[in-house]
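Spelled out from the first residue to the last, the chains are:
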Amino acid sequence: MSEQPASKRGRPGYDQRAILEIAVDAFNEFGYDATSMGVLASRLALSKSAIYHHFASKEELLELALNEALDALEGVLQDRESQTGRAIDRLAHVLRGAVEVLAANLPFVTLLLRVRGNTVVERAALERRRAFDRAVSGLVVEARNEGSLRSDIDPRIVTRLLFGMVNSIVEWYRPEGAEDPAHLADDVLAVALDGLRMPTMNRVEDLT
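The shown structure was predicted, so the numbers you read here are calculated from the model rather than taken from an experiment.

**Things to note about the overall build of the protein**
For the protein, the helix and strand inventory stands at 11 helices and 0 strands. Its helices and strands in sequence order give the protein the pattern α-α-α-α-α-α-α-α-α-α-α, from N to C terminus. Residue burial in the protein is summarised as follows: out of 208 residues, 37% are buried. A separation threshold of at least 6 residues defines the contact pool for the protein, and within that pool the share at least 24 residues apart is 67%.

**Topic: the packing of aromatic side chains**
The geometry of an aromatic ring pair comes down to the distance between the two centres and the angle between the two planes. As enumerated under the stated definition, the model contains 2 aromatic pairs in all. Relative to Y32, the ring of F27 has its centre 5.0 Å away and its plane inclined at 75 degrees; by these criteria the two rings are edge-to-face. Residue Y32 is classed as buried on the basis of its relative accessible area, which comes to 12%. On the basis of an interplanar angle of 80 degrees and a centroid distance of 6.4 Å, the ring pair of W172 and Y173 is categorised as edge-to-face. Against the face of Y32 rests K58, its NZ or CZ located 4.2 Å from the ring centre.

**Section: a nonpolar patch on the surface**
Together, I153, I157 and L161 give the surface a local cluster of nonpolar side chains, amounting to about 260 Å² of exposed area. The topology assignment puts L161 in helix α8 (residues 155–167). By relative accessible area, which is 58% here, L161 ends up exposed.

What counts and what doesn't
- Residues numbered from 1 in each chain as written.
- Predicted model: local features only at pLDDT ≥ 70, side-chain atom pairs only at ≥ 80, totals over all residues.
- Heavy atoms only, no water.
- Helix = DSSP H or I, 4+ residues; strand = E, 2+ residues; numbered from the N terminus.
- Buried < 20%, exposed > 50% of the residue type's maximum accessible area, 1.4 Å probe, protein only.
- Contact = heavy atoms within 4.5 Å.
- Phe/Tyr/Trp six-rings, centres within 6.5 Å; stacked < 30°, edge-to-face > 60°.
- Lys NZ or Arg CZ within 6 Å of the ring centre and 35° of its normal.
- Patch = residues over 30% accessible without salt bridge, like charges linked within 9 Å, V, L, I, M, F, W, Y side chains within 5 Å.
- Areas by Shrake-Rupley, 256 points an atom, 1.4 Å probe, with all protein chains shown as cover.
- Salt bridge = Lys/Arg side-chain N within 4 Å of Asp/Glu carboxyl O.

Rendered as structure tokens:
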């Protein structure tokens, strides 16, 4: 009889990915600081040593989760559509991509938006997030300067309003709901860039 491969420690059915996803859910539910390895072990029905078999520490789990969210967001900035063409079109592509990343990676982005900079890992993640925000803010300024956005509103205010709209999605969006990520992104772009007022109303006001 051939020798059987050595089994991994811990409960069968939990690989690294499964442990990471359950850890992220726990971090979001209890808060990262309040989630001990004991809490994770209880949630997974594993021993703490079984978790350490896959991950060196709770902080490693946090780092992997935050990197996943940030890598996806930063990837949007690397798209060709984010780097060529009119600034307003690049801005629209980045906003659409951010919404789709959020919807596809909801627990991970939720965790990213809740970090407060209490650890080295969190501070590094916050700096990467600020760099993403600055890139979007730069696109807002470019779009205003090319005449595609209103010039009577401070670009800093516009940027904050845009992020407020997109980031708030984590509080109410449910992937199993009626609206898929593509339609959600359409709605965000319609409100953010076109506004809620009916075009006919704008024309009437222009004539008065």
